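# Summary of structural features
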Amino acid sequence: MSFAKKVIVAIGLTNSVASSEGMKTLVDMSFLEKCEIHFVHVFQTINYSAVFGEFTAVYPMEANRSEIEQSVLTSLVGLTKDVLPPNFSGRVIHRCLFAQTPKVEFCHYVTHTGADLVIIPTRAKRGFFESSFAQYVNKHTSINMILLKSK
């Protein structure tokens with residue numbers, strides 16, 4: 001079965017949903033064996049405005065972003081080793097993006113890469129509701145989606 005050639009998997013490293021336990025069902029998805037899979041984490045930046053200044057400070061600073069990016073990429077590589085199908089022969093790409101609004105940046109990445117499928121781990125107790133990341137991606141992209149619900 002092959003209905004997707006380029007798959008984007010959203011990874012949120014700040015919660016347990018994106019752990020290897022939350023994504024263990026990827027192992028059973030045989031259609032992923034020859035896909036190009038992008039594991040993407042969007043690190044949220046924060047703008048601090050000064051009361052008496054013209055300029056805003058952005059966290060993380062540009063100088064620190066490469067260290068953060070390397071740390072995130074190392075985490076993604078470790079996480080994804082355990083969740084790919086056993087006969088995987090496709091291509092894996094790990095990305096760490098920086099944006100003030102992660103939902104918007106992720107949707108832009110999905111559209112820009114020309115993906116066929118988006119896989120998003122979600123919590124079963126909340127699942128797919130109005131303010132969720134998954135709902136936002138569904139509303140702002142025309143890509144097929146698979147939601148992985150974990151407890």
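Keep in mind it's a predicted model, so treat the numbers as computed, not measured.

Rules of the game
- Within every chain, residues take consecutive numbers counted from 1 along the sequence as written.
- In keeping with the predicted nature of the model, local features appear solely for residues at pLDDT of at least 70, side-chain atom pairs appear and are counted solely at 80 or more, and the whole-chain, interface and lining totals rest on all residues.
- Side-chain measures here rest on the full set of heavy atoms in the structure, leaving out hydrogens and waters.
- Secondary structure counts use DSSP, requiring at least four H or I residues in a row for a helix and at least two E residues in a row for a strand, with both numbered from the N terminus.
- Each residue gets one of three labels from its accessible area relative to the maximum for its type: buried under 20%, exposed over 50%, partly exposed in between, using a 1.4 Å probe on protein chains only.
- The contact criterion used is simple: two residues touch if any of their non-hydrogen atoms lie within 4.5 Å.
- Under the convention used here, a 1.4 Å probe and the Shrake-Rupley method define accessible areas, while residue burial counts only the protein chains that appear.
- Distance and chemistry together define a polar contact, namely a pair of N or O atoms within 3.5 Å, with one atom able to donate a hydrogen and the other to accept it when in protein, and with adjacent residues in sequence counting only for side-chain atoms on both sides.

Next up on the list: the overall build of the protein chain. Along the protein chain, the regular secondary structure elements total 3 helices and 7 strands. When the helices and strands of the protein chain are placed in sequence order, the string is β-β-β-β-α-β-α-β-α-β. By residue count, 41% of the 151 residues in the protein chain fall in the buried class. Considering only contacts in the protein chain between residues 6 or more positions apart, those separated by 24 or more positions represent 78%. Of the roughly 9000 Å² of accessible surface on the protein chain, a fraction of 52% belongs to carbon and sulfur atoms.

This next bit is on the side chain of threonine 80. Note on placement: threonine 80 falls in helix H1 (residues 62-81). For threonine 80, a relative accessible area of 3% translates into the label buried. For threonine 80, the side chain forms a polar contact with the main-chain oxygen of valine 77, separated by 3.3 Å. In contact with threonine 80, not counting residues within four places along its chain, are Phe39 and His94.

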